[in-house]
Amino acid sequence: STAYIYVKRIDFQEFYRGLALLKPFKIDKIVIDLYSHGGAIFDAMAMGAIITEQIKNGKIVVINARGLVASAGLIILVSGSEGYRYIDQDSMIMFHELSVFEYMSFKSVTDKEEEARVLRLVQDKINSYITTRSKISSKDLSDKIKRREFWLSAQDAIRFGFADALIQ
């Protein structure tokens, strides 16, 4: 049987609770309708890991991207089962480098250098996750997101391998 999940917020705990409700049932396909303005990167990585685990356990995970799939939402989209990652023809994808908001923060040069090292480590991990599940190279992705947002139409998302086909 098939289970349907709607993901708007990138929230690992909410996603995990939703999947936990399915455990008593024999589910062989999970369909995720995805609309996202983005969100917490570590929640998205954890959600991607759970999706990957479902696939390894023999389930098909369908992703239907609708409207906007931004930032951390791209991680969810590329996590679906290969061949089952769909996008609505009028949808848009947006991805960018990690960003940090600080208000009234005082840090030393050493603090900022360490923060930059950690942010680069995380960004490289995210880029690697995306590039191993798509057709874009790590260098190309990195070049496209440096200091700007990378916007794609549905057709471009398919061309880059973030999605497999349009929703019919």
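Relevant structure appears above.
Residues numbered from 1 in each chain as written. Predicted model: local features only at pLDDT ≥ 70, side-chain atom pairs only at ≥ 80, totals over all residues. Heavy atoms only, no water.

Caption draft 1: Inspection of the overall build of the protein chain at higher detail. Within the protein chain one finds six helices and seven strands. Going residue by residue from the N terminus, the α and β elements of the protein chain occur as β-α-β-α-β-α-β-β-α-α-β-α-β. Relative to its length of 168 residues, the protein chain is compact, with a C-alpha radius of gyration of 17 Å against a globular reference of 15 Å. Each principal axis of the C-alpha atoms in the protein chain carries an extent, and together these give about 55 × 35 × 25 Å. Of all intrachain contacts in the protein chain linking residues separated by at least 6 positions in sequence, the fraction that spans at least 24 positions is 74%. Summed over its atoms, the accessible surface of the protein chain is roughly 9700 Å², and 55% of this surface lies on carbon and sulfur atoms. Across the protein chain, the mean location of the 23 positive side-chain charges is 4 Å away from that of the 21 negative side-chain charges. (Helix = DSSP H or I, 4+ residues; strand = E, 2+ residues; numbered from the N terminus. Rg over C-alpha atoms; globule rule 2.2 N^0.38 Å. Contact = heavy atoms within 4.5 Å. Areas by Shrake-Rupley, 256 points an atom, 1.4 Å probe, with all protein chains shown as cover. Lys, Arg positive; Asp, Glu negative; His and termini not counted. Charge placed at Lys NZ, Arg CZ, Asp CG, Glu CD.)

Caption draft 2: Broad picture of the layout of surface pockets. In this structure, the largest pocket encloses a volume near 250 Å³. In terms of lining, the largest pocket is formed by 13 residues, of which the most central are Leu-19, Ala-20, Lys-23, Gln-54 and Lys-59. Counting only elements with at least two residues in the lining of the largest pocket, the list comes to helix H1 (12–20) and helix H2 (41–56). Taken together, the residues of the lining of the largest pocket break down into eight nonpolar, two polar and three charged. (1 Å grid on protein atoms, 1.4 Å probe; cavity = no way out; pocket = protein on both sides within 12 Å on 5 of 7 lines; lining within 4 Å. Points joined across faces, edges and corners; volume = space filled by probe spheres on them. Nonpolar A, V, L, I, M, F, W, Y, C, P; charged D, E, K, R; others polar.)

Caption draft 3: Region of interest: the packing of helix H4 (residues 109–131) against helix H5 (residues 138–145). Their axes nearest at 9 Å, the elements H4 and H5 cross at an angle of 125 degrees. Considering the angle they form, H4 stands oblique to H5. Crossing of H4 over H5 shows right-handed handedness. Facing Gln-123, Asn-127, Ile-130 and Thr-131 of H4, the residues of H5 in contact are Ser-138, Leu-141, Ser-142 and Ile-145. Here the contact of H4 with H5 is built from residues that sort into three nonpolar, five polar and no charged. (Axes fitted to C-alpha atoms, helices over the stretch in contact; angles between N-to-C directions. Parallel < 35°, antiparallel > 145°, perpendicular 65-115°, else oblique. Left-handed = near helix turned anticlockwise from the far one by under 90°.)

Caption draft 4: Molecular detail of a nonpolar patch on the surface. A surface patch of nonpolar side chains, about 660 Å² in accessible area, is lined by Phe-101, Tyr-103, Met-104 and Phe-106. Within the secondary structure, Met-104 is located in the loop between strand E5 (92–95) and H4. (Patch = residues over 30% accessible without salt bridge, like charges linked within 9 Å, V, L, I, M, F, W, Y side chains within 5 Å. Salt bridge = Lys/Arg side-chain N within 4 Å of Asp/Glu carboxyl O.)

Caption draft 5: Broad picture of the pattern of salt bridges. Under the criterion given, the structure shown has twelve salt bridges. Note that Asp-33 is salt-bridged to Arg-66, the shortest N-O span being 2.8 Å. Taken together, the residues Asp-33 in strand E2 (residues 29–36) and Arg-66 in strand E3 (residues 60–70) connect sequence positions 33 residues apart. Look at Asp-33 and you get partly exposed, because its relative accessible area is 24%. The partly exposed category is assigned to Arg-66, whose relative accessible area is 35%. Among the salt bridges present, the one from Lys-107 reaches Glu-115, with a minimum N-O distance of 3.1 Å. For Lys-107, a relative accessible area of 39% translates into the label partly exposed. (Buried < 20%, exposed > 50% of the residue type's maximum accessible area, 1.4 Å probe, protein only.)

Caption draft 6: Spatial organisation of the packing of aromatic side chains. Applying the stated criterion across every chain yields a total of three aromatic pairs. Seen from their ring centres, Phe-12 and Tyr-16 are 5.7 Å apart, and the 35 degrees between their planes marks the pair as tilted. Residue Phe-12 and its partner Tyr-16 are both found in helix H1; the two are separated by four residues, about one turn of the helix. What makes Phe-12 partly exposed here is its relative accessible area of 25%. The class for Tyr-16 is partly exposed, based on a relative accessible area of 39%. Where Phe-150 meets Phe-160, the ring centres are 5.6 Å apart and the plane angle is 85 degrees; that geometry is what we call edge-to-face. One end of the pair, Phe-150, is in strand E6 (residues 150–153); the other, Phe-160, is in the loop between helix H6 (154–159) and strand E7 (165–166), with ten residues separating them in the sequence. With respect to class, Phe-150 is no different from Phe-160; both count as buried. Among the aromatic side chains, those forming a connected cluster through ring pairs are Phe-150, Phe-160 and Phe-162. Over the ring of Tyr-129 we find Arg-133, and its NZ or CZ is 3.6 Å from the ring centre. (Phe/Tyr/Trp six-rings, centres within 6.5 Å; stacked < 30°, edge-to-face > 60°. Lys NZ or Arg CZ within 6 Å of the ring centre and 35° of its normal.)

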